[in-house]
Amino acid sequence: MSRLEYNPLNIVICGIGGQGNVLASELVSSTMNDLGYKVAVGETYGAAQRGGSVMSHVRVSETYDMGVLIPYGEAHFIIGFEPLETLRLARKYASKKTRIIYDPRPVYPQGVLAGRQVYPDLMKMKEEIRSLSAQAVEVPAADIALSCGDPRTANIALLGAFSRLEGAPLSSQELIDVLRQRFKGDVLAMNEKVFDMGCKAMDGKEDD
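Residues numbered from 1 in each chain as written. Predicted model: local features only at pLDDT ≥ 70, side-chain atom pairs only at ≥ 80, totals over all residues. Heavy atoms only, no water.

Draft legend 1. Seen up close, the overall build of the chain. When helices and strands are counted, the chain shows 8 helices and 6 strands. Starting at the N terminus and ending at the C terminus, the chain contains elements arranged as β-α-β-β-β-α-β-α-α-β-α-α-α-α. Expressed as lengths along the three principal axes of its C-alpha atoms, the size of the chain is roughly 50 × 40 × 35 Å. Counting every position in the chain, which comprises 208 residues, the buried fraction comes to 52%. Partitioning the intrachain contacts of the chain with sequence separation of at least 6 by distance along the chain shows that 68% fall at a separation of at least 24. If you sum the accessible surface of the chain, you get close to 9800 Å²; carbon and sulfur atoms cover 51% of it. Each charge class in the chain was averaged separately, 23 positive and 26 negative side chains, and the resulting centres sit 4 Å apart. (Helix = DSSP H or I, 4+ residues; strand = E, 2+ residues; numbered from the N terminus. Buried < 20%, exposed > 50% of the residue type's maximum accessible area, 1.4 Å probe, protein only. Contact = heavy atoms within 4.5 Å. Areas by Shrake-Rupley, 256 points an atom, 1.4 Å probe, with all protein chains shown as cover. Lys, Arg positive; Asp, Glu negative; His and termini not counted. Charge placed at Lys NZ, Arg CZ, Asp CG, Glu CD.)

Quick look at the structure:
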């Protein structure tokens, strides 16, 4: 039986520059490629590499080559590292078949910090994200990473949670295996710890 619920399976990964969005998309895509699937990856960046919007398209198929861009309304999964970015992408790419997993902790733009702009109401954003999707699960990935002592690993925590989401094309063990290929020593130990906490953050949330 195929592990892909759709062919192709379309995954959008979005966040702010510096949150590890590109590494997350690379880990997902390389793992699927190692498993024998055809994978296409495309990335877009905002005005600034750090602090601007970053979005990755990951498309996976058993049978044919694809363009790198996911058509509007055809994302099956959205992995979001920041709530406003998650909402922006959900408005374009989500449908009632989309499962969304995201960190609800805001990252405030410079304009908001300087008082020139107002960050949208968080509760209203959460409600809209839920309304745009089949399932929307909140995972405190940044808080998990901070509690482990390395805020840079929030992307790994969110990947751990993603591996436990219904219909996810990769198991937790498969992603752990690719982490062990990429990292060694203390860095690997930190990533494994954060990944495990991301997995455990999904306990009881499968029906959200």
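Following the structure, the description resumes.
Draft legend 2. Representation of the packing of helix α6 (residues 154-163) against helix α8 (residues 185-200) within the structure. Interhelical geometry of α6 versus α8 gives an angle of 45° and a closest axis separation of 7 Å. When the axes of α6 and α8 are compared, the pair comes out oblique. With respect to the hand of their crossing, α6 and α8 are arranged in right-handed fashion. Between α6 and α8, the contacting residues are Ile156, Ala157, Leu159, Gly160, Ala161 and Ser163 on the first element and Asn191, Val194, Phe195, Gly198 and Cys199 on the second. Looking at the contact of α6 with α8, its residues break down into 7 nonpolar, 4 polar and no charged. (Axes fitted to C-alpha atoms, helices over the stretch in contact; angles between N-to-C directions. Parallel < 35°, antiparallel > 145°, perpendicular 65-115°, else oblique. Left-handed = near helix turned anticlockwise from the far one by under 90°. Nonpolar A, V, L, I, M, F, W, Y, C, P; charged D, E, K, R; others polar.)

Draft legend 3. Quick peek at the nonpolar core. By size, the foremost hydrophobic cluster in this structure holds 42 residues, and its most contacted members are Ile11, Ile101, Val139, Phe162, Leu179 and Phe195. Those elements that provide at least two residues to this core are β1 (9-16), α1 (21-34), β3 (53-61), β4 (77-80), α5 (141-148), α6, α7 (172-182) and α8. Broken down by element, this core gets its largest block of residues, 7 residues, from α6. Residues within four places of isoleucine 101 in sequence aside, it is in contact with Ile78, Ile79, Gly80, Val137, Val139, Leu158, Ala161, Phe162, Leu165 and Met202. (Core = buried A, V, L, I, M, F, W, Y, C linked by side-chain atoms within 4.5 Å.)

Shape is all these values report; function is a separate question.
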